[in-house]
Amino acid sequence: MTLTNSSLQTNGDAFPPRTGSTDPNLQAWVDEIARLTEPDAIVWCDGSKREANELSKLLVASGQLIRLNPEWRPNSFLARTDPKDVARVEGRTFICSTDEADAGPTNNWAEPSAMRAELRGVFAGSMRGRTMYIVPFSMGPLGGPISQLGVEITDSPYVVLNMGIMTRMGETVLTMIEAGDPWVHTVHSVGYPLVDASGITRPDVEWPCNDDKYIVQFPDTREVWSYGSGYGGNALLSKKSFALRIASVMGRDEGWLAEHMLLIKLISPEGGVFHVAAAFPSACGKTNLSMLRPTIPGWKVETIGDDIAWLRQGEDGRLWAINPEAGFFGVAPGTGETTNPTAVSTMWGNTIFTNVALRDDGDVWWEGLTDKAPEHLIDWQGKDWTPNSGRTAAHPNSRFTVAAAQCPSIADDWEAAGGVPIDAIVFGGRRATNVPLVAQARSWKHGVFMGATISSEKTAAADGIVGELRRDPFAMLPFCGYNMADYWGHWLKVGKELGTNAPAIFQVNWFRKGPDGDFIWPGFGENSRVLEWMIRRIEGTADAVDTPIGLLPAENGLNLDGLDLSKEAVDQLFAIDQTSWLAECDLTEEYFDKFGEKVPPALRAELASVRYHLKN
Ligand code: OXD
Ligand code: MN
């Protein structure tokens, strides 16, 4: 069965309420979790609009959601979290592979049976006084060849509402599971039971959570258990937990790739269509790039995904990709009328905002939405705020959850079941020094080396020594479900399979600074110039110069027409300083050494080649 609609939501009371499943495994699992967590009630979610409306009404009545003024923002809501539950908790995120070596030095590992015992302890009775929701979902278009199914059990109606936007959620998925499709098990509890073991009740709070948090992946059994947080990637288990951590392991075992990448379609002035997948660490403007408005005439960018891509070799031998998600869970601050007007239009309604500020007219605001802040707001913690308050009105990690289908730049075929063919893969970091605006990899292996060495300079003393490199290989550091060095090996293997069908690989850096400490490159819509160069390289119409670190645009190769950028500035954007690059190579060697024997020899060879060319 192939259905390609992003939303399974139907208007009416389309499905009679379920009391269970005919799939014995699913039913047994639900029974087991219910016995452990002792909820008051169990609801099987059908994904209908009626269900979403009822849940939002329930949350508004309990004070856990604020309905925004429907004149400005129809069917939209604001949630304010506990100040201790505002982001993903990497320190409490575990990869519980049977063998510790499979988690690798970049993940927290815990022995699976010991962790299961610990989880049984915290989950025991954790849903007392609450309703347990069974949320069936599909990652990717229903029935598509790259798609996968999952079920999340949660005691958070806020999570159910978000999952209804972020995934294809509902009854159809249950029928697919009952027809025998495989699925991933995920369990979530906010860890705030309303009744204790002796039967004493307590009232609910605006944002139930627990100081003790666990985000646990069991890659060998394809399971996720999350406890204590109701926030974002900690609680919407389809996203980082399934679509990256568990899916990366599925990809390793089955020969495909689950990546922290946006997906865009580029249309050239001649009508050529190209697809680009790009990996950037968190907070590097991924959503902005996925909705880019080119400044160069004749070019068009259409959105397919803003955060995650699943890539698999197609029957034609090329690499095809889908966005497994159905919505955006974007960072609000910095998303504004000038920086990303497309994202702002996407959120016209049907949006859940979390930890942004509330305007007096019942709409929302955050830093960067408009140049001028309103005179008065209620901040993300529910306190009065004015521009003189000396603190931000929205939390820096405040979010919007909105359906991708509402995005004005969404590509017509963004839900194509088989995905789109990938022409280029881009790796981006946030580097003040060394890394040029754009470089093309000489080969797939060189591209894997570029991905493995993505990094940013530490900027705050709290991060460590200022200027030291924070590594974020493939932008997957917190999201790779297995040993990072094995993951590099898997990428090399996929490249070998693709052979001459492999997409071109590029590295970009929008964040290089000049001697005055300012960013040299204007960024945003001007990044289209860099995309144009990549496409011209793929078409074979742009020249490049071979340098020790990759292929750079030839003199006048990058389209800078109409851009106020001096010759010195352009030179600084592409400067390769031998001394600092050799020093960086030493740091890369130290970094590789952390992974010991597992580092693929091909990557050590790439490092040796960069060093050799720098010296010769
Ligand atoms: C995200 C992240 O929330 O990468 O997407 O942190
Ligand atoms: Mn992300």
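Per an unreviewed UniProt entry, the protein chain carries the name Phosphoenolpyruvate carboxykinase [GTP] and comes from Cryobacterium luteum. Turning to the protein chain, the UniProt record has this under Sequence similarities (unreviewed entry): "Belongs to the phosphoenolpyruvate carboxykinase [GTP] family." According to the UniProt record, the Catalytic activity (unreviewed entry) comment for the protein chain is "oxaloacetate + GTP = phosphoenolpyruvate + GDP + CO2".

For the pair helix H10 (residues 444–452) and helix H11 (residues 484–498), interaxial distance at closest approach is 10 Å and the crossing angle is 155°. Put simply, H10 runs roughly antiparallel to H11. When you trace H10 past H11, the crossing you get is right-handed. In this structure, H10 uses Trp 444, Lys 445, Val 448 and Ala 452 to contact H11, whose residues at the interface are Trp 488, Trp 491, Leu 492, Gly 495 and Leu 498. Considered class by class, the residues forming the contact of H10 with H11 number seven nonpolar, one polar and one charged.

Side chains of nonpolar character tend, in soluble globular proteins, to be buried together. Counting 157 residues, the largest nonpolar core has Trp 310, Phe 427, Trp 488 and Trp 491 as its most contacted members. Among the nonpolar cores identified, the runner-up in size contains 32 residues, and Leu 26, Phe 123, Val 173 and Ile 177 belong to it.

Moving on, we get to the sheet that holds strand E24 (residues 399–403). Pairing between the strands of a sheet comes from backbone hydrogen bonds, and it takes one of two forms, parallel or antiparallel. Spatial ordering of the open sheet is given by E2-E3-E19-E24-E18, a layout of five strands whose pairing is mixed. Since the sheet does not close on itself, it has two edges, and those belong to strand E2 (66–67) and strand E18 (327–331), each with one partner. In this sheet, E24 lies alongside strand E19 (residues 352–354) in antiparallel orientation, the contact comprising three bridges. Of the residues in E24, the one forming a bridge with Ile 352 is Thr 401.

We now examine the environment of Cys 209. By the secondary structure assignment, Cys 209 is in the loop between strand E9 (183–189) and strand E10 (214–218). Taking relative accessible area as the criterion, Cys 209 reaches 10% and is therefore assigned buried. Dropping the residues within four chain positions of it, Cys 209 is found in contact with Asp 82, Asp 85, Val 190, Gly 191, Tyr 192, Gly 228 and Ser 229.

All right, on to the coordination of the manganese ion (ligand 2) then. Distances from the manganese ion (ligand 2) to its protein donors, Lys 240 (NZ), His 260 (NE2) and Asp 307 (OD), fall at 2.2 Å. Spacing between the donor residues of the manganese ion (ligand 2) along the chain follows K-x19-H-x46-D. You can see His 260 sitting in the loop between strand E12 (257–259) and strand E13 (261–267) and its partner Asp 307 sitting in the loop between strand E15 (300–305) and strand E16 (309–313), a full 47 residues away along the chain. For the residue pair His 260 and Asp 307, the accessibility class agrees, reading buried in each case.

Bringing the confidence of the model for the protein chain into the picture now. Overall, the prediction assigns the protein chain a mean pLDDT of 95, with 96% of residues at 70 or greater. Every residue in residues 1–5 is under pLDDT 50, and counting partners more than four places away or in other chains gives 15 contacts.

A few words on the UniProt feature "domain: Phosphoenolpyruvate carboxykinase GTP-utilising N-terminal" (unreviewed entry) in the protein chain. As annotated in UniProt, the feature "domain: Phosphoenolpyruvate carboxykinase GTP-utilising N-terminal" (unreviewed entry) corresponds to residues 29–252 in the numbering used here. Helix makes up 32% of residues 29–252 and strand 22%, whereas the separation of the span's terminal C-alpha atoms amounts to 26 Å.

Moving on to helix H4 (residues 157–166). Quick reminder: α-helices carry 3.6 residues per turn. Residues three or four places apart thus point the same way. The element H4 is extensively covered by neighbouring structure, given that 10 of its 10 residues are classed as buried. Every buried residue of H4 is accounted for by Pro 157, Tyr 158, Val 159, Val 160, Leu 161, Asn 162, Met 163, Gly 164, Ile 165 and Met 166.

Tracing the backbone shows Asp 384 in strand E23 (residues 384–385). A residue is classified by how much of its surface remains accessible, and Asp 384, at 53% relative accessible area, is exposed. The spatial distance from the C-alpha of Asp 384 to the C-alpha of Thr 541 is 57 Å, given a sequence separation of 157 residues. A polar side-chain atom of Asp 384 sits 2.7 Å from a polar atom in the side chain of His 376.

Next up on the list: the pairing of E10. A large share of E10 lies buried, amounting to five of its five residues. Burial of the side chains of E10 extends over both faces: Tyr 214, Val 216 and Phe 218 are buried on one face and Ile 215 and Gln 217 on the other. One ladder, built from three bridges, connects strand E4 (residues 93–95) with E10; its direction is parallel. Residue pairing for E10: Phe 94 is matched across the bridge by Val 216. In this structure, E10 lies alongside strand E11 (residues 223–227), joined through five bridges in antiparallel fashion.

The rules we used
Residues numbered from 1 in each chain as written. Chains lettered and ligands numbered in written order. Predicted model: local features only at pLDDT ≥ 70, side-chain atom pairs only at ≥ 80, totals over all residues. Heavy atoms only, no water. UniProt positions renumbered as here; feature names shortened; annotations may be inferred. Axes fitted to C-alpha atoms, helices over the stretch in contact; angles between N-to-C directions. Helix = DSSP H or I, 4+ residues; strand = E, 2+ residues; numbered from the N terminus. Parallel < 35°, antiparallel > 145°, perpendicular 65-115°, else oblique. Left-handed = near helix turned anticlockwise from the far one by under 90°. Contact = heavy atoms within 4.5 Å. Nonpolar A, V, L, I, M, F, W, Y, C, P; charged D, E, K, R; others polar. Core = buried A, V, L, I, M, F, W, Y, C linked by side-chain atoms within 4.5 Å. Buried < 20%, exposed > 50% of the residue type's maximum accessible area, 1.4 Å probe, protein only. Pairing = 2+ DSSP bridges. Donors = N, O, S within 2.8 Å, 3.2 Å for Na, K, Ca; no water. pLDDT = per-residue confidence, 0-100. Polar contact = N/O pair within 3.5 Å; in protein donor to acceptor, adjacent residues only side chain to side chain.

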